[in-house]
Amino acid sequence: MLVSMNWINDFVDLSGEDIPALIKRFTLATAEVEDVITKGSDISGVVVGKILTCEMHPNSKKLHLLTVDKGDEVVNVVCGAPNARAGITVALATIGGSVCGKPIGKAMLAGYESCGMCCSEAELGLSSENAGIMELDDSLKAGTSIKDVFPIDDVIFEVDNKSLTNRPDLWGHYGIAREFAALTGKPLKAVPVLKAEDYASLPSVSLTSTDEMLLRYVAVKAENITANISPAYIKIRLYYCGLRPINLLADLTNYVMLELGQPMHAFDGRKVEAVEIKRFEKPFEFITLDGQARAIDNSNLMICADNTPSAVAGVMGGLDSEIAPDTTSLLLESACFDAAAIRRTSVKLGLRTDASARYEKSLDPENSMTAALRFMKLLLEICPETKITSNFTDLYIKHFDIPVITFDKTYIDRYTGIDIPSETIVKTLTSLGFGVEQSGEAFTVTVPSWRATKDVSIKADLVEEVTRVYGYDNFPFITARSPLYPVKPSISKTDENTAKDILSRRYKLHEVHSYIWYDSKKNKDLKLSLAPNLKVINAQTADHETLRADMIPSLLYFVNENKGFGDDFGIYEVGHTVKGDKNSKATEQKQLGIALYSRSTDEEFLLFKARDIIAAFTIATRGANPEFINIKPEQSFCHPKNTSEIFISGISCGYISILHPTIKNTIDKKANIIIAQINLTEYAEIPGINLSYNESPKYPGIDFDLTIPAPKDSRFSDISKAWTESQHEHLKSVSLIDIYGDTTKNITVRLSFSAPDRTLSMEEVNAHITTITSRLSDMGITIRR
């Protein structure tokens with residue numbers, strides 16, 4: 001949310017205050033400020049100018065040759081704006097000035113000297129309008145600084161919306177002004193509004209509703225609205241705060257929303273006589289202001305004009321109710337709806353607006369009348385010819401309870417650990433709008449309506465109010481006396497940390513983070529065909545409704561998006577997957593996903609690199625080498641022949657595979673991609689191997705090489721049983737030296753023997769070799785040494 005300090009100054013006088021320091025204090029006390037932007041500092045030397053003459057450039061169809069009176073002299077200006085003409089008043093950037101930080105000097109344009117520049121609103125940073133130069137009021141005196149005409153200089157700061165979730169009162173400038181008033185100790189000015197009683201004798205607007213989703217609805221009619229364009233200060237404030245000026249009535253609804261935090265809607269008065277707020281039994285399509293057709297059902301509250309749907313309550317108006325350029329009458333809506341209902345409607349329709357974002361925070365119904373009175377006050381100031389033709393009709397269905405909280409000073413002191421004077425407590429709460437009655441050291445506090453919807457309800461909330469304004473940085477630093485004991489992390493967390501250390505530090509892989517759902521659009525782009533899985537109810541978009549059952553598609557999204565940044569890289573993620581269907585309980589598991597991408601490394605080398613990564617992880621965490629068994633994959637993105645299941649101590653825990661050629665070619669035909677996944681939830685249940693440590697041998701050992709002619713489809717793990725399942729106290733290690741052959745798989749291994757107390761004789765070694773070859777013979781394998 002963008003906040004204007006000029007706007008804040010309308011309600012609390014901050015002259016003489018250090019604005020940057022005050023904004024920093026606001027961050028500490030109220031809500032996080034993400035950015036501070038100084039407006040107007042990059043504009044200088046821009047004055048009011050009057051175009052005296054305007055001629056077409058002899059060699060250009062677009063350029064005009066102007067003479068402009070800038071007060072102290074008349075200058076020549078070359079201008080390409082289509083609306084340039086003699087007699088209009090413009091904003092002229094003079095020589096030596098600057099616009100958007102760029103200096104203005106003399107320039108030769110198409111053979112003619114230009115001594116300045118006629119500016120558009122966009123060039124001055126006042127709006128996005130750049131179709132032509134800015135036309136000013138002819139009554140302005142030439143030479144007047146543009147900053148004396150328009151409130152260009154301002155400080156805009158952006159508040160993190162997440163820190164305002166529990167503070168609906170801060171979704172408007174007036175609520176934030178109240179915070180600044182409390183922080184500085186200065187008085188808060190009242191919002192200028194009309195008096196509803198002055199119009200009580202006028203006819204009422206026909207309002208009907210009994211729906212529990214409606215809390216309050218205020219309506220008023222007006223006619224003879226002759227103005228259509230908003231004053232410059234309103235357009236500038238809207239633009240500075242991120243909204244696009246449209247027309248007077250639409251701008252005023254947005255202006256009051258940004259000022260008071262109350263969304264409003266202006267209906268074309270020619271199209272609306274009676275208003276009914278209700279839900280419809282039968283579903284139907286409704287066209288909203290953005291031109292989109294929305295599916296409406298019984299869960300959506302609708303605003304109806306003469307029984308015809310005109311708006312989705314709390315979200316967006318209908319296309320047919322839009323204010324037309326020739327509108328001279330309106331029916332103004334200022335309402336309050338159930339927060340949860342608006343949230344459900346917004347999510348269901350996939351339509352999030354400034355109005356819905358505020359309504360779902362539980363707005364104060366008391367603010368609805370104030371906003372309507374404020375709107376009409378502004379409208380009458382801008383267009384005095386306007387005639388209000390109805391009273392401020394009020395349909396108030398549900399009142400929030402106003403909490404009354406009692407506590408004593410001892411309670412505050414016990415919570416804070418310091419002595420905050422009673423006078424400070426009273427002053428702080430009063431400045432924030434709370435009603436306070438004090439009796440000795442006991443306090444009875446009445447919570448204001450704008451804090452009673454869901455924010456302040458218990459004594460601890462009041463402690464927070466006092467201490468945040470008092471200043472957390474004013475608390476003394478005291479060392480905690482409570483003993484702190486280390487907490488042993490779970491096996492799963494330890495495995496996760498070890499995996500991240502190995503993958504990032506040793507193998508230089510990049511960690512990524514993704515959402516727990518698939519992206520159906522990206523799946524289609526990558527030709528990923530995935531099995532149906534659990535879906536999210538009320539997903540933000542239809543593309544994100546399916547929960548992922550596998551990590552690899554999420555990693556492939558990253559690979560595809562980052563392939564242009566390097567020829568070789570690897571990524572990994574520790575995340576969660578979900579399996580199940582709507583009729584069974586969902587199973588959520590933690591997974592480690594790995595993807596290796598290379599345009600310079602051959603496929604076999606990359607596959608063995610992935611194998612080494614997995615082995616490094618399993619050895620570090622369980623002291624065991626992984627076993628890989630070729631399988632027919634269940635996943636459509638795995639290679640149909642080059643996919644292996646990963647086993648640790650005979651327990652399956654994942655898979656490793658070359659990416660399916662179709663998907664690989666979709667990503668990059670010239671690259672090789674390897675994928676792997678380990679189920680960390682199941683992996684945590686696998687016991688580790690107890691390691692034993694032996695003294696390094698003092699005597700030389702003997703190495704013995706065996707070449708084993710094994711069948712082509714044999715597995716090394718089966719062959720290794722010849723020595724792993726026999727008792728060979730002197731056999732210290734076995735190393736794979738080579739694998740070769742076409743019809744027969746010739747496996748050469750090196751057996752290393754040693755003894756701790758002597759040098760072994762060949763007779764002792766041969767005895768071991770004979771036992772091993774005998775077991776191999778039992779397997780049908782004849783050995784040649």
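Definitions and cut-offs
- Residues numbered from 1 in each chain as written.
- Predicted model: local features only at pLDDT ≥ 70, side-chain atom pairs only at ≥ 80, totals over all residues.
- Heavy atoms only, no water.
- Domains from an automatic or database assignment.
- 1 Å grid on protein atoms, 1.4 Å probe; cavity = no way out; pocket = protein on both sides within 12 Å on 5 of 7 lines; lining within 4 Å.
- Points joined across faces, edges and corners; volume = space filled by probe spheres on them.
- Helix = DSSP H or I, 4+ residues; strand = E, 2+ residues; numbered from the N terminus.
- Nonpolar A, V, L, I, M, F, W, Y, C, P; charged D, E, K, R; others polar.
- Axes fitted to C-alpha atoms, helices over the stretch in contact; angles between N-to-C directions.
- Parallel < 35°, antiparallel > 145°, perpendicular 65-115°, else oblique.
- Contact = heavy atoms within 4.5 Å.
- Patch = residues over 30% accessible without salt bridge, like charges linked within 9 Å, V, L, I, M, F, W, Y side chains within 5 Å.
- Areas by Shrake-Rupley, 256 points an atom, 1.4 Å probe, with all protein chains shown as cover.
- Salt bridge = Lys/Arg side-chain N within 4 Å of Asp/Glu carboxyl O.
- Pairing = 2+ DSSP bridges.
- Phe/Tyr/Trp six-rings, centres within 6.5 Å; stacked < 30°, edge-to-face > 60°.
- Buried < 20%, exposed > 50% of the residue type's maximum accessible area, 1.4 Å probe, protein only.
- Lys NZ or Arg CZ within 6 Å of the ring centre and 35° of its normal.
- Left-handed = near helix turned anticlockwise from the far one by under 90°.

A. Representation of the domain arrangement of the chain within the structure. Per the domain assignment, the segments making up the chain are domain 1 (2-40 + 155-184), domain 2 (44-152), domain 3 (196-396), domain 4 (404-474), domain 5 (491-683) and domain 6 (702-778). One C-alpha centre belongs to domain 4, the other to domain 6, and the line joining them spans 80 Å.

B. Just the layout of surface pockets, in detail. The space that makes up the largest pocket amounts to roughly 2,100 Å³. If you list the elements that add at least two residues to the lining of the largest pocket, you get helix 16 (603-622), strand 31 (627-630), strand 32 (638-648), strand 33 (651-659), helix 19 (716-719), helix 20 (721-724), strand 36 (731-740) and strand 37 (745-753). Looking at which element gives the most residues to the lining of the largest pocket, the answer is strand 36, with seven residues. Partitioned by chemical class, the residues of the lining of the largest pocket number 16 nonpolar, 16 polar and eleven charged. When residues are assigned to domains, the lining of the largest pocket turns out to be shared by domain 5 (491-683) and domain 6 (702-778), each giving three or more. As for the second largest pocket, its lining consists of 32 residues, and the residues nearest its centre are Thr253, Asn254, Met264, His265 and Leu289. Of all the secondary-structure elements, those providing two or more residues to the lining of the second largest pocket are helix 6 (248-260), strand 15 (264-268), strand 20 (308-312), strand 21 (316-317), strand 22 (330-337) and helix 8 (354-359). Per-element tally for the lining of the second largest pocket: the top contributor is helix 6, with four residues. Per-class residue counts for the lining of the second largest pocket are 19 nonpolar, eight polar and five charged.

C. Geometry of the packing of helix 11 (residues 422-431) against helix 12 (residues 459-470). It is at 9 Å that the axes of helix 11 and helix 12 come closest, and there the two elements cross at 95 degrees. One finds that helix 11 runs roughly perpendicular with respect to helix 12. Counting all contacts with helix 11, which are made through Thr424, Ile425, Thr428 and Leu429, the residues of helix 12 involved are Leu462, Glu465, Val466, Val469 and Tyr470. Tallied by class, residues from the contact of helix 11 with helix 12 come to six nonpolar, two polar and one charged.

D. Here's a closer look at a nonpolar patch on the surface. A cluster of nonpolar side chains, namely Ile287, Leu289 and Leu319, defines an oily patch on the protein surface of about 200 Å² accessible area. Mapped onto the fold, isoleucine 287 is located in strand 17 (residues 284-287).

E. Focus on the sheet that holds strand 2 (residues 33-39). Read across the open sheet, the three strands follow the order 1-12-2; overall the sheet is antiparallel. Each edge of the sheet is formed by a strand with only one pairing partner; in this case those strands are strand 1 (2-4) and strand 2. Ignoring strand direction, the axes of neighbouring strands in this sheet form an average angle of 25 degrees. Summarising the sheet, strand 2 and strand 12 (residues 154-159) pair through six bridges and their orientation is antiparallel. Note that in strand 12 the partner of isoleucine 37 across the bridge is isoleucine 156. Of the strands in this sheet, strand 1 and strand 12 touch helix 4 (residues 173-184), which is tilted by about 65 degrees from strand 1.

F. Focus on the sheet that holds strand 16 (residues 274-278). Spatially, 13-16-19-20-21 is the arrangement adopted by the five strands of the open sheet, whose pairing is mixed. Of all the strands in the sheet, the pair left with one neighbour each is strand 13 (206-208) and strand 21. Bridge count between strand 19 (residues 302-305) and strand 20: four bridges; the pairing is antiparallel. If you follow methionine 302 over to strand 20, its bridge partner there is valine 312.

G. Representation of the packing of aromatic side chains within the structure. Summed over all chains, the structure comprises 16 aromatic pairs. Ring geometry for phenylalanine 26 versus phenylalanine 180: centroids 5.2 Å apart, planes at 20 degrees, classification stacked. Taken together, the residues phenylalanine 26 in helix 2 (residues 19-29) and phenylalanine 180 in helix 4 connect sequence positions 154 residues apart. The same class applies to phenylalanine 26 as to phenylalanine 180, namely buried. Taking the centre distance of 6.3 Å and the plane angle of 50 degrees together, the rings of tyrosine 472 and phenylalanine 475 count as tilted. A residue is classified by how much of its surface remains accessible, and tyrosine 472, at 42% relative accessible area, is partly exposed. Judged by relative accessible area, phenylalanine 475 falls into the buried class, the value being 19%. Between the NZ or CZ atom of arginine 178 and the centre of the ring of tryptophan 450, over which it lies, the distance is 4.0 Å. Over the ring of phenylalanine 400 we find lysine 398; its NZ or CZ atom is 5.4 Å from the centre of that ring.

H. Spotlight on the packing of helix 13 (residues 491-506) against helix 16. The N-to-C vectors of helix 13 and helix 16 enclose an angle of 140 degrees; their axes lie 10 Å apart at closest approach. Considering their axes alone, helix 13 and helix 16 lie oblique with respect to each other. For the pair helix 13 and helix 16, the crossing hand works out as right-handed. Touching Ile491, Asp495, Thr498, Ala499, Ile502, Leu503 and Arg506 of helix 13 are Ile613, Ala616, Phe617, Ala620, Thr621 and Arg622, all from helix 16. Here the contact of helix 13 with helix 16 is built from residues that sort into eight nonpolar, two polar and three charged.

I. Structural view of the pattern of salt bridges. All chains considered together, the criterion is met by 45 salt bridges. Its salt-bridge partner being aspartate 268, residue arginine 270 comes within 2.9 Å of it at the nearest N-O pair. When its relative accessible area of 47% is taken as the criterion, arginine 270 is described as partly exposed. Linking aspartate 705 and arginine 750 is a salt bridge whose minimum nitrogen-to-oxygen distance equals 2.9 Å. Highlighted residues: aspartate 705 in strand 35 (residues 702-710) and arginine 750 in strand 37, separated in sequence by 45 residues. What makes aspartate 705 partly exposed here is its relative accessible area of 33%.

J. Quick look at empty space enclosed by the protein. One pass over the full model with this rule turns up three cavities of 30 Å³ or more. Roughly 50 Å³ of internal volume is contained in the largest cavity. Residue lining of the largest cavity: Ile225, Ala227, Asn228, Asn247, Leu248, Leu249, Ile323, Ala324, Pro325 and Thr327, and that is the complete set. Of the residues contributing to the lining of the largest cavity, the split by class is seven nonpolar, three polar and no charged.

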